[in-house]
Amino acid sequence: MPDFPIPQTDPRASYLEQREAIDAAIARVLAGGQYILGREVEEFENQFAAWLGTAHAVGTGSGTDALELALRACGIGEGTRASDLVFTVSHTAVATVAAIERAGAVPVLVDIEPGGFTMDPSALAAALRDPPPGRPAAIIPVHLYGEPADLAPILELARRHGLRVIEDCAQSHGAVYRGEPTGNFGDIACFSFYPTKNLGALGDAGMTATNDGELAVALREIREYGWRERYVSARIGINTRLDPLQAAILGARLPHLDADNARRQAIAARYDEGLAGLPLDAPHRRADASHVFHQYVIRSRQRDLLREHLRAAQIGTGIHYPAPVHLQPAYRDRLGEFPAGLHATTQAAGEILSLPIYPQLAGAAADRVIGEIRRYFEWPGRADSAA
Ligand SMILES: Cc1ncc(COP(=O)(O)O)c(C=O)c1O
């Protein structure tokens, strides 16, 4: 159940809205008797590829698995060379970096754009000019919060250095960069269907997508023990199959995704208008892209006080993420700030605040959030010290 009357996110609300179709999809799978891969998974893979505009889609057990599988399909990581370097950001879900290490490659963390939330192409260029020991192999830009990364210069750097590009689209289903949906730019795109995502399952699920037929074959084989045919492992594989129950649920939901994204964008526009003039930063937006607002993230130097004020008003907020990956206990002694520091990343972590956003959030609830934030800054001295 949601923790507050106005929660930060509410996957149950979208289940209830689509309950009939989802319950029917689940009943169909249970009665059908095929509980691993099979027709439901194939149909959803085809449906998703058609929606995205790629030639192939290969379902996985989670978004983290999708990233690991993508790296392995590109021949990056364990069993290939001693240290394949994969360039990504520290301002992301830890999953992005965990997947790189699970594939047996070495993450190189570069900074995000100052004032923004995605990979800074100039920081990437600097890291590529002077990389740590190893073989630069791939770049994983993350389209965080639903905003596309600045792909054009990143793709150009990849081309110049002969690197693979794997897009982390876990938060960007439907976001568009220069006229094309994210997921259409790199060698492989990876999606998460974690329940709160713009397209969410009712459990763990993920997807890889590509236009490259050979990569698609590799993805299919590696996701299931390296099998080319049943019981014949043509290469080293893992087990990360998309669950047919989740595939059926996702198939019922996909037709609503574009409308749900439009509802998120309408809430974002309402917040923009209602919060205008306050001493806080509205979410970063790229002029040549459309944002699908997986999160609506404001920035304030008074983030913690503002969050406490909203909590007291029974309004849920989030911090995505409280500590960047390079400062997490499992990583901080191993992954340095290479090569020029991660200043924008560290600064963002102290200022970001994710407001309530999900398709079913009522306009009146968004207005309450706006009203409480305005009330916070009406207290004497707060607006001045925030500016
Ligand atoms: C940016 C990003 N990458 C990767 C993942 C991993 O996805 P999953 O939770 O499905 O493994 C997530 C979601 O948690 C994410 O937000």
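In case you missed it, the structure is sitting above this.
Residues numbered from 1 in each chain as written. Predicted model: local features only at pLDDT ≥ 70, side-chain atom pairs only at ≥ 80, totals over all residues. Heavy atoms only, no water.

Looking now at the pairing of strand β9 (residues 206–210). Where burial is concerned, most of β9 is hidden: 5 out of the 5 residues are buried. Here β9 shows no split at all, with G206, T208 and T210 on one side and M207 and A209 on the other all buried. One ladder, built from 5 bridges, connects strand β1 (residues 56–60) with β9; its direction is antiparallel. Looking at β9, one finds that A57 is bridged to A209. Judged from the 4 bridges that link them, strand β8 (residues 188–192) and β9 form a sheet pairing that is antiparallel. Within the sheet, the bridge partner assigned to S192 lies in β9 and is G206. (Buried < 20%, exposed > 50% of the residue type's maximum accessible area, 1.4 Å probe, protein only. Helix = DSSP H or I, 4+ residues; strand = E, 2+ residues; numbered from the N terminus. Pairing = 2+ DSSP bridges.)

Another point: the sheet that holds strand β2 (residues 84–89). Strand order in the open sheet made by the 7 strands is β1-β9-β8-β5-β4-β2-β3, with mixed pairing throughout. Edge positions in the sheet fall to β1 and β3 (106–110), since each of these pairs with one other strand and no more. Ignoring strand direction, the axes of neighbouring strands in this sheet form an average angle of 30°. With respect to the sheet, helix α8 (residues 213–223) is in contact with β1, β5 (164–168), β8 and β9, its orientation differing from that of β1 by roughly 15°. (Axes fitted to C-alpha atoms, helices over the stretch in contact; angles between N-to-C directions. Contact = heavy atoms within 4.5 Å.)

We now examine the packing of helix α6 (residues 121–129) against helix α7 (residues 151–161). At a closest axis distance of 9 Å, the pairing of α6 and α7 adopts a crossing angle of 15°. One finds that α6 runs roughly parallel with respect to α7. Handedness of the α6/α7 crossing: right-handed. Judged by residue contacts, P121, L124, A125 and L128 of α6 engage P153, I154, L157 and H161 from α7. Classifying every residue of the contact of α6 with α7 gives 7 nonpolar, 1 polar and no charged. (Parallel < 35°, antiparallel > 145°, perpendicular 65-115°, else oblique. Left-handed = near helix turned anticlockwise from the far one by under 90°. Nonpolar A, V, L, I, M, F, W, Y, C, P; charged D, E, K, R; others polar.)

To continue, consider the pattern of salt bridges. For the structure on display, the rule yields 26 salt bridges. One salt bridge connects E45 with R223, and the closest N-O pair in it is separated by 2.8 Å. With E45 in helix α3 (residues 39–52) and R223 in helix α8, this pair connects stretches of sequence that are 178 residues apart. The structure contains a network of salt bridges with shared partners spanning D65, E68, R72 and R102. (Salt bridge = Lys/Arg side-chain N within 4 Å of Asp/Glu carboxyl O.)

What follows deals with the environment of V217. Looking at the secondary structure, you find V217 in helix α8. As a C-alpha pair, V217 and E156 span 61 residues in sequence and 26 Å in three-dimensional space.

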